[in-house]
Amino acid sequence: MGGEGASTVYKGNSAKLMIPAWVMIGIFLLAPVGMMVTYSFLTKEFRGGVIWEFTLAAYDQFFFDRGLFGDEPPSIEWTYIGIFWRSIWQAGLATIACLLIGFPTAWFIATRRPSTRSIWLFLVTIPYWVNLLIRTVSMKFLIRDTGPLNEFLIWTGAISEPISLINTNFAVQLGLFYSYLPFMVLPIYAAVERYDFSLSEAAADLYSNIWTTLWLVILPVVKPGIIAGCILVFVPSLGAFLAPDLLGGAKTFMIGSLIEEQFKGSAGNWPFGAAASTILLSIVMAVLLIYARNHNKGGER
């Protein structure tokens, strides 16, 4: 009885300790999401803002084209679907690039002496103490036609005339990669730091080469860190708007830029921006739920 009573008291205290967490989640997560979803079903006000008349016009505008005056037979609106697709593959490429660089970086840091690891982590994170806007503008300055990068390449004789990098997909990729690389390095570092290196030694004793050991021994163990890093890079890259706006152009327009544009000035369309945000959130949540379901099935097996 005493044990059951202590367990009941512990559970009651735990529930009370969770109250502040649930309050914060409600204020800073559920309330904004609920407001966004509600706005997506409202009517656009001519001077910006919304009118509290519920309609599906914002979603209809996203998926269907009814002509200039809205009186033509509906056809699929490929413009916004194309922007979504461009955002997905841009975010995917940025995630792959961060993984290819972030995994070796995290492995290098985790295999240093414990006394020097904090220094390496400090070097990885210190550029990100500066505001993202300032770092993106600095990147634009570095890769512009008359920037230090082109001037250096011309000076070395590698090129004879400047390479146009601004307003290209490569520039957007570079901006996304630079912005979110630490989000890949840190989770993988945490996973590698807990890795038992005697497993690699055992694999080597069994005549396993480095690539077989990496694929069959190391990656399965550090897989949670890799997946966490990929999610932390892919999701913010999908909704990014600074890199596409400052480093890209009309041909590199992404969903984050589309959403941001709807809330600027009096010409914006708040319900349409909220609808695009809701669709983006739905896609992200669907991907995360599919992963969680498959992960749980794998754990059960």
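Criteria and thresholds
Residues numbered from 1 in each chain as written. Predicted model: local features only at pLDDT ≥ 70, side-chain atom pairs only at ≥ 80, totals over all residues. Heavy atoms only, no water. Core = buried A, V, L, I, M, F, W, Y, C linked by side-chain atoms within 4.5 Å. Buried < 20%, exposed > 50% of the residue type's maximum accessible area, 1.4 Å probe, protein only. Helix = DSSP H or I, 4+ residues; strand = E, 2+ residues; numbered from the N terminus. Contact = heavy atoms within 4.5 Å. Expected span 1.5 Å × (residues − 1). Arc of directions from axis to C-beta. Phe/Tyr/Trp six-rings, centres within 6.5 Å; stacked < 30°, edge-to-face > 60°. Lys NZ or Arg CZ within 6 Å of the ring centre and 35° of its normal. Axes fitted to C-alpha atoms, helices over the stretch in contact; angles between N-to-C directions. Parallel < 35°, antiparallel > 145°, perpendicular 65-115°, else oblique. Left-handed = near helix turned anticlockwise from the far one by under 90°. Nonpolar A, V, L, I, M, F, W, Y, C, P; charged D, E, K, R; others polar. Salt bridge = Lys/Arg side-chain N within 4 Å of Asp/Glu carboxyl O.

Points about the nonpolar core
And step 1. One finds Phe 103, Ile 109, Leu 176, Val 185, Ile 188, Tyr 189 and Val 222 to be the most contacted residues of the largest nonpolar core, which totals 28 residues.
And step 2. Of all the secondary-structure elements, those providing two or more residues to this core are helix 3 (78–110), helix 4 (114–125), helix 7 (169–193) and helix 9 (210–238).
And step 3. Considering each element in turn, this core owes the most residues, 10 residues, to helix 7.
And step 4. If sequence neighbours within four positions are ignored, Ile 188 has contacts with Leu 99, Phe 103, Ala 106, Gly 225 and Ile 226.
And step 5. Residues Phe 62, Tyr 80, Phe 84 and Ala 91 belong to the second largest nonpolar core, which totals 18 residues.

Details of helix 4
And step 1. Relative to the 16 Å expected for 12 residues at 1.5 Å per residue, helix 4 spans 18 Å between its end C-alpha atoms, a close match to the ideal helical length.
And step 2. Taken together, the buried positions of helix 4 are Thr 116, Arg 117, Leu 121 and Val 124. All buried residues of helix 4 project into a common sector of 150° when viewed along the axis, lining one side.
And step 3. Next to the buried residues of helix 4 lie helix 3 and helix 7.

What to know about the side chain of Gln 90
And step 1. Relative to the elements of secondary structure, Gln 90 occurs in helix 3.
And step 2. Leave out the neighbours within four places in its chain, and Gln 90 touches Asn 169, Val 172, Gln 173, Leu 176 and Met 254.

Describing the packing of aromatic side chains
And step 1. Tallied over the entire structure, the rule returns 18 aromatic pairs.
And step 2. Pairing Phe 62 with Phe 84 gives two aromatic rings, centres 5.4 Å apart and planes at 80°, and the pair type is edge-to-face. With Phe 62 in helix 2 (residues 57–63) and Phe 84 in helix 3, the pair connects residues that are 22 residues apart, well separated along the chain.
And step 3. Under the relative-accessibility criterion, Phe 62 is labelled buried at 2%.
And step 4. Centroid distance Tyr 128 to Tyr 178: 5.8 Å. Interplanar angle 35°. Geometry classified as tilted. Of this pair, Tyr 128 sits in the loop between helix 4 and helix 5 (132–143) while Tyr 178 sits in helix 7, placing them 50 residues apart in sequence.
And step 5. Overall, Tyr 178 belongs to the partly exposed group, its relative accessible area being 28%.
And step 6. Taken together through their ring pairs, the aromatic side chains of Phe 62, Phe 63, Tyr 80, Phe 84 and Phe 272 make up a single cluster.
And step 7. Its end group placed over the ring of Phe 108, Arg 112 keeps NZ or CZ at 4.1 Å from the ring centre.

Some thoughts on the side chain of Thr 213
And step 1. When you line up the elements, Thr 213 lands in helix 9.
And step 2. Looking at Thr 213, the relative accessible area reads 7%, which means it is buried.
And step 3. Ignoring any residue separated from it by four or fewer positions in sequence, one finds Thr 213 in contact with Ser 200, Ala 203, Ser 208 and Ile 218.

Topic: the packing of helix 8 (residues 198–205) against helix 9
And step 1. Between helix 8 and helix 9, whose axes approach to 10 Å, the crossing angle comes to 160°. For the element pair helix 8 / helix 9, the angle class is roughly antiparallel. In the crossing of helix 8 with helix 9, the sense of the turn from one axis to the other is right-handed. Here Leu 199, Ser 200 and Ala 203 of helix 8 come into contact with helix 9, specifically with Thr 213, Val 217, Ile 218 and Val 221.
And step 2. Tallied by class, the residues present in the contact of helix 8 with helix 9 amount to five nonpolar, two polar and no charged.

A closer look at the pattern of salt bridges
It is possible for side chains of opposite charge to pair when their charged atoms get near one another.
And step 1. In this structure the tally under the stated criterion is three salt bridges.
And step 2. In this structure, Arg 117 and Glu 193 form a salt bridge, with 3.4 Å as the shortest nitrogen-oxygen distance. Taken together, the residues span a long stretch of sequence, with Arg 117 in helix 4 and Glu 193 in helix 7 at a distance of 76 residues.
And step 3. Salt-bridge contacts for Lys 264 lead to Glu 260; the nearest nitrogen and oxygen are separated by 3.9 Å.
And step 4. Assessed through its relative accessible area of 47%, Lys 264 is described here as partly exposed.
And step 5. According to the relative accessible area criterion, Glu 260 is partly exposed, its value standing at 23%.

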